[in-house]
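Observations on the three-dimensional arrangement
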Amino acid sequence: MSDFLQQLPRPFFVLAPMDDVTDTVFRQIVADCASPNVFFTEFVNVDGLQSPGRPHLLKKIRKDSDKERPLIAQIWGKKPENYYKTAQELVEMGFDGIDINMGCPAKPVVQNGCCSALIENRPLALEIIKATQEGAANKIPVSVKTRLGFTQVDLTWHEFLLQQNLSMLTVHGRTQREMSAVPAHWDLIGEVSKMRSTLAPQTILVGNGDVESHGQGRALAAQYGLDGIMIGRGVFTDPFVFSTESPWPNYTRQQRVELFRKHVTLFEKTWGDSQPIAPLNKFCKVYISNFDGAKELREQLMDSQSAKETLDILNRS
């Protein structure tokens, strides 16, 4: 296996998987602003991919440009056999890696026994990891993204994961119960790092939670002995968050509007009328902020019913 992860600089930076956010369009926009070292897709359900609903889910792993590479496909679900089949397909599709979502805290997902619920179902978690690794057949790396525990911190979970010969482990610094309601516990991510050094020094460790700048990420990686830093919501406050010196604070109204126009234009070119407008509207807060009249313009844009209408509003602004 050619494990590109081992060749990355230290620390490296990763764009987090975010549902209805990190599609091929947004990944290309981020790449043009300041590219991370690694991209993740949105998370896609393996059980859905191996069902008649497959065509509706393929958009979540669509990739249109080499700008988006290296690209790791993140998957979730319940049936090990579907992880196996999907992993085989992702290899054939040319993805650079596969990540298993064992961290999403959303209630509907957890109630179905998936994602962070697997923290409390280790026999199934083990089956899923092994099935994915077998499906990938050592052709691309297999990793896991998870949390600090389910209802409470439980580092025996990370000890268990570090024994599974994973290429990479990403730890979000909160439990499932904490959702995003408390600051990330970076000290506990540091404890996982110490554990990694003893149990699985070959497994790459990435920290995630509340990182809002490249400098902050570098400092956290150094302090807690991490190979990489994953940034999610930080990209909403700064599309240049992966830059060592972000120009975003000095961007003018015109520059911010122009960047959003670029995003909307690419969205329309990529998806046409096949995608609902709601995911696009949520990006208003990324671009349309910190200038006079931003609130009023944002309100207009949020009411838009199509990409064309959004472009018309931007062109008039």
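Above this text you will find the structure in question.
Residues numbered from 1 in each chain as written. Predicted model: local features only at pLDDT ≥ 70, side-chain atom pairs only at ≥ 80, totals over all residues. Heavy atoms only, no water.

**Describing the overall build of the protein**
- Within the protein one finds 15 helices and eight strands.
- Whereas a compact globule of 317 residues would reach a radius of gyration of roughly 20 Å, the protein reaches 19 Å, a difference of no more than 12%.
- For the protein, the residues scored as buried account for 59% of the 317 residues in total.
- Excluding contacts between residues fewer than 6 apart, the proportion of contacts in the protein whose partners are at least 24 apart in sequence is 71%. (Helix = DSSP H or I, 4+ residues; strand = E, 2+ residues; numbered from the N terminus. Rg over C-alpha atoms; globule rule 2.2 N^0.38 Å. Buried < 20%, exposed > 50% of the residue type's maximum accessible area, 1.4 Å probe, protein only. Contact = heavy atoms within 4.5 Å.)

**A closer look at the layout of surface pockets**
- Volume-wise, the largest pocket comes out at about 780 Å³.
- If you trace the largest pocket, you find 33 residues lining it, with P17, M18, R147, S180 and R233 closest to the centre.
- Listed by contribution, the elements that provide at least two residues to the lining of the largest pocket are β5 (142-147), β8 (228-231) and α10 (234-237).
- When grouped by side-chain class, the residues that make up the lining of the largest pocket number 13 nonpolar, eleven polar and nine charged. (1 Å grid on protein atoms, 1.4 Å probe; cavity = no way out; pocket = protein on both sides within 12 Å on 5 of 7 lines; lining within 4 Å. Points joined across faces, edges and corners; volume = space filled by probe spheres on them. Nonpolar A, V, L, I, M, F, W, Y, C, P; charged D, E, K, R; others polar.)

**Examining the pattern of salt bridges**
- Evaluated as defined, the whole model comprises 18 salt bridges.
- Among the salt bridges present, the one from E68 reaches R27, with a minimum N-O distance of 2.5 Å. In this pair, E68 is assigned in the loop between α3 (54-57) and β3 (71-76) and R27 in helix α1 (residues 24-34), connecting sequence segments 41 residues apart.
- Residue E68 is classed as buried on the basis of its relative accessible area of 0%.
- Here E299 ties to K295 by a salt bridge, and the two come within 2.8 Å at their closest N and O atoms. With a gap of four residues between them, E299 and K295 both fall in helix α14 (residues 294-302), about one helical turn apart.
- Each member of the salt-bridge network shares a partner with another, and the members are D19, D20, E42 and K60. (Salt bridge = Lys/Arg side-chain N within 4 Å of Asp/Glu carboxyl O.)

**Regarding the nonpolar core**
- Counting residues in each nonpolar core, the largest one holds 99 residues, and the members touching the most others are M102, L161, W186, I229, F260, Y287 and I288.
- Residue contacts for F260: discarding those within four places in its chain leaves L280, F283, C284, Y287, I288, L301, T310 and L314. (Core = buried A, V, L, I, M, F, W, Y, C linked by side-chain atoms within 4.5 Å.)

**Quick notes on empty space enclosed by the protein**
- Evaluation of the coordinates by the stated rule reveals one cavity of 30 Å³ or more.
- Roughly 70 Å³ of volume is contained in the largest cavity.
- D20, V21, D23, E42, H263, F267, Q275, P279, L280 and F283 are the residues that line the largest cavity.
- Secondary-structure elements contributing two or more residues to the lining of the largest cavity are α11 (253-271) and α12 (278-281).
- When grouped by side-chain class, the residues that make up the lining of the largest cavity number five nonpolar, two polar and three charged.

**Observations regarding the state of the cysteines**
- In the structure shown here, the tally under the stated rule is zero disulfides.
- Here C33 stays free of any disulfide, with the sulfur of C284 as its closest cysteine sulfur at 16 Å.
- Note on C104: no disulfide assigned, nearest cysteine sulfur contributed by C115 at a separation of 4.9 Å.
- Judged by relative accessible area, C104 falls into the buried class, the value being 13%. (Disulfide = S-S within 2.5 Å.)

**Details of the sheet that holds strand β7 (residues 204-208)**
- Strand order in this closed barrel of eight strands is β1-β2-β3-β4-β5-β6-β7-β8, and the pairing throughout is parallel. Here the average twist between neighbouring strands, direction ignored, is 25°.
- Against the sheet, helix α4 (residues 80-93) touches β3 and β4 (97-102), its axis set at about 165° to β3. (Pairing = 2+ DSSP bridges. Axes fitted to C-alpha atoms, helices over the stretch in contact; angles between N-to-C directions.)

**Things to note about the pairing of β8**
- Side chains of β8 alternate between two faces, with G228 and M230 and I229 and I231 buried alike.
- Sheet topology note: the strand β1 (residues 12-15)/β8 ladder contains four bridges and is parallel. Bridged to V14 within β8 is M230.
- Pairing of β7 with β8 involves three bridges; the strand directions are parallel. In the strand pairing of β8, V206 is matched with G228.

**Brief notes about the packing of aromatic side chains**
- Here the structure, examined in full by the defined rule, presents seven aromatic pairs.
- Measuring from centroid to centroid gives 5.6 Å for W157 and F160, while their planes differ by 20°, and the two rings are stacked. Here F160 and W157 lie together in helix α7 (residues 156-161), a separation of three residues that amounts to about one turn.
- Exposure remark for F160: the relative accessible area of 13% places this residue in the buried category.
- Ring geometry for F260 versus Y287: centroids 5.1 Å apart, planes at 20°, classification stacked. In this pair, F260 is assigned in helix α11 and Y287 in helix α13 (residues 284-287), connecting sequence segments 27 residues apart.
- Taking relative accessible area as the criterion, Y287 reaches 0% and is therefore assigned buried.
- Grouping aromatic residues by their ring pairs yields a cluster made of F240, W248 and Y251.
- Against the face of F95 rests K63, its NZ or CZ located 5.0 Å from the ring centre. (Phe/Tyr/Trp six-rings, centres within 6.5 Å; stacked < 30°, edge-to-face > 60°. Lys NZ or Arg CZ within 6 Å of the ring centre and 35° of its normal.)

Read these as spatial facts, not as claims about activity.
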